[in-house]
Amino acid sequence: MKLMVVGGGGREHTIIKKLKENPAVTELYALPGNGGIAADATCVPIGAKEIDRIAAFAKEHAIDYAVVAPDDPLVLGCVDALEAIGVKCFGPRANAAIIEGSKVFSKNLMKKYGIPTAAYETFDDMDAALKYLESAPIPTVIKADGLALGKGVVIAQTLQEAKDAVISMMQDKKFGASGERIVIEEFLEGPEVSVLAFTDGKCLKPMVSSMDHKRAGDGDTGLNTGGMGTVAPNPYYTERIADECMQRIFLPTVAAMNAEGRTFKGCLYFGLMLTKDGPRVIEYNCRFGDPETQVVLPLMESDLLTVMRAVTDETLADTEVKFRDGHACCVVMASEGYPVAYEKGFALDIPAAVHDKVYVAGAKLDADGTLRTDGGRVLGCTAVADTLPDAIKAAYDIVAQVHFDNAYYRHDIGARALRAPEG
Ligand code: AMP
Ligand code: GLY
């Protein structure tokens, strides 16, 4: 089978390594991939947002199956374009990817179908938003409507911060068109959980839960990032809470999308907050999480390609989705200065002994074949073990063996999970 994966980060590297476990895969392309992915797939210099070129490539190379991993191409209709030329895909069509593409859409969906989320108001007029803030409870949360690389969310601790955020989104257009509409919502508190789930629009099968570490610094300090590390499973996500989420959030979301004529097929990501009043949806994503995928897929026992094809063929109900017992920890190694400014181009040394546990996110091969850093998040080191402390220790053992100048990583990935009460 000829496969193609659209995307080029650590998430895509993890998906590619997992897909390759299926012996039916004869050719595997990554568009665009990256220097590290090049060890596992043929990288093709076509950007993930170049929908026409992606479709042309798939046709020319008679691709049998495509996995569209990042949010941008999904929201732009990459799956629709590939299906139109007869290529089977994993990933939602554009009309369903809107669940991530527009926060106004997702909030209205949750309100309409009674799915628990933070109370909110939406605005497309700046003066109305500023006026509303005068009487809104503080802290408050301001969100740009559209995709903003995970940066379009401001937790405002004062009225002034809230007003500044509204002005920067709606007047200064900090996130371009993404901020023309905004959501202002209630500030919630509690442990956060990421749950990725396979759904074919008929049934939904969750993967093992996970915990992201979004802040740049140890002790959850500093700026928000794309994610500095993950552990799975998430110890706050007990069986009782999982059952409640299934009944009150996951299945109602699948049904709501069907009722709207926007059947979602692919990986639906639930960003949840476990508040004292019960679980609430913080965000939906229309794709696998990054770096959640780097801890979830290594724990998956079932064959990924088989499960993905079952989603496409709408036979997920008859397909086993199994995860092993045990724990995984991923520590992201970034460039010093991320997420603001950082230097690139430093040579990477990844010993062969740990190759299969390193997922490369931002690196490229130079003319003489040296792998060099090429992004903020450079790679993730994942270890799997029977206990969480062992998984954390083993992940940091891998970190100690990987070298590049200017490397930065958090030292406390998993520490919060270790403090969780016994479930
Ligand atoms: P999002 O991009 O929607 O996942 O938001 C980024 C982060 O902001 C989340 O992971 C939360 O930590 C935080 N956040 C978002 N919405 C809220 C909220 N209503 N209350 C408290 N924190 C929030
Ligand atoms: N790790 C958060 C995300 O993938 O959106």
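First things first, this report covers the structure right here in the doc. A quick note: this is a predicted structure, and the numbers were derived from the prediction, not measured. (Residues numbered from 1 in each chain as written. Chains lettered and ligands numbered in written order. Predicted model: local features only at pLDDT ≥ 70, side-chain atom pairs only at ≥ 80, totals over all residues. Heavy atoms only, no water.)

**Structural notes on the overall build of the chain**
For step 1, the next point in the chain: The number of helices and strands found in the chain is 13 helices and 23 strands.
For step 2, the next point in the chain: Relative to the compact-globule value of 22 Å for 423 residues, the chain shows a C-alpha radius of gyration of 21 Å, a close match.
For step 3, the next point in the chain: The 423 residues of the chain split such that 56% are buried.
For step 4, the next point in the chain: Once local pairs closer than 6 in sequence are excluded, the contacts in the chain between residues at least 24 apart make up 69%. (Helix = DSSP H or I, 4+ residues; strand = E, 2+ residues; numbered from the N terminus. Rg over C-alpha atoms; globule rule 2.2 N^0.38 Å. Buried < 20%, exposed > 50% of the residue type's maximum accessible area, 1.4 Å probe, protein only. Contact = heavy atoms within 4.5 Å.)

**Section: the site of ligand 2**
For step 1, the next point in the chain: With respect to spatial proximity, the complete set of residues near ligand 2 consists of Asp212, Gly226, Tyr269, Asn285, Arg287, Gly289, Asp290, Pro291 and Glu292.
For step 2, the next point in the chain: The contact in question runs from a nitrogen atom of ligand 2 to an N or O atom on the side chain of Asp212, over 2.8 Å.
For step 3, the next point in the chain: One of the side-chain nitrogen or oxygen atoms of Glu292 is found 2.8 Å away from a nitrogen atom of ligand 2.
For step 4, the next point in the chain: Taking 200 Å² as the accessible area of ligand 2 by itself, protein coverage stands at 90%.
For step 5, the next point in the chain: Across the shell around ligand 2, the residue classes break down as two nonpolar, three polar and four charged. (Near = heavy atom within 4 Å. Polar contact = N/O pair within 3.5 Å; in protein donor to acceptor, adjacent residues only side chain to side chain. Areas by Shrake-Rupley, 256 points an atom, 1.4 Å probe, with all protein chains shown as cover. Nonpolar A, V, L, I, M, F, W, Y, C, P; charged D, E, K, R; others polar.)

**Structural notes on empty space enclosed by the protein**
For step 1, the next point in the chain: Scanning the model with the defined rule gives two cavities of 30 Å³ or more in all.
For step 2, the next point in the chain: Estimated volume of the largest cavity: approximately 40 Å³.
For step 3, the next point in the chain: Along the walls of the largest cavity sit Gly10, Asp290, Gln294, Val332, Tyr359, Ala361, Arg377, Leu379 and Gly380, which together make up its complete lining.
For step 4, the next point in the chain: With three residues, the top contributor of residues to the lining of the largest cavity is strand E22 (residues 377-385).
For step 5, the next point in the chain: Each residue belonging to the lining of the largest cavity can be placed in one class, and the counts come to four nonpolar, three polar and two charged.
For step 6, the next point in the chain: Considered as a void within the structure, the second largest cavity measures approximately 40 Å³ in volume.
For step 7, the next point in the chain: In terms of lining, the second largest cavity is formed by Val68, Ala69, Leu74, Phe90, Gly91, Pro92, Cys267, Cys286, Arg287 and Phe288.
For step 8, the next point in the chain: Considering only residue class, the lining of the second largest cavity consists of eight nonpolar, one polar and one charged. (1 Å grid on protein atoms, 1.4 Å probe; cavity = no way out; pocket = protein on both sides within 12 Å on 5 of 7 lines; lining within 4 Å. Points joined across faces, edges and corners; volume = space filled by probe spheres on them.)

**A closer look at the packing of aromatic side chains**
For step 1, the next point in the chain: Counted according to the given criterion, the structure contains nine aromatic pairs.
For step 2, the next point in the chain: For the ring pair Tyr29 and Phe57, a centre distance of 5.2 Å and an interplane angle of 75° mean the geometry is edge-to-face. Of this pair, Tyr29 sits in strand E2 (residues 27-32) while Phe57 sits in helix H2 (residues 51-60), placing them 28 residues apart in sequence. An identical accessibility class is assigned to Tyr29 and Phe57; each is buried.
For step 3, the next point in the chain: Relative to Phe270, the ring of Phe250 lies with its centre 4.3 Å away and its plane at 35°, an arrangement referred to as tilted. On the criterion of sequence distance, the pair formed by Phe250 in helix H9 (residues 239-259) and Phe270 in strand E16 (residues 266-275) is long-range, its members being 20 residues apart. Across the pair, Phe270 and Phe250 agree in class, each one buried. (Phe/Tyr/Trp six-rings, centres within 6.5 Å; stacked < 30°, edge-to-face > 60°.)

**As for the pattern of salt bridges**
Charged atoms that come close allow side chains of opposite charge to pair.
For step 1, the next point in the chain: Enumeration over the complete set of coordinates arrives at 28 salt bridges.
For step 2, the next point in the chain: Glu83 is the salt-bridge partner of Arg93, the closest N and O atoms lying 2.7 Å from each other. Here the residue Arg93 occupies a position in the loop between strand E5 (88-90) and helix H5 (94-101), and Glu83 occupies one in helix H4 (residues 78-84), the gap between them amounting to 10 residues.
For step 3, the next point in the chain: Several salt bridges share partner residues, and in doing so they unite Asp220, Arg410, Asp412 and Arg416 into one network. (Salt bridge = Lys/Arg side-chain N within 4 Å of Asp/Glu carboxyl O.)

By themselves these figures say nothing about function.
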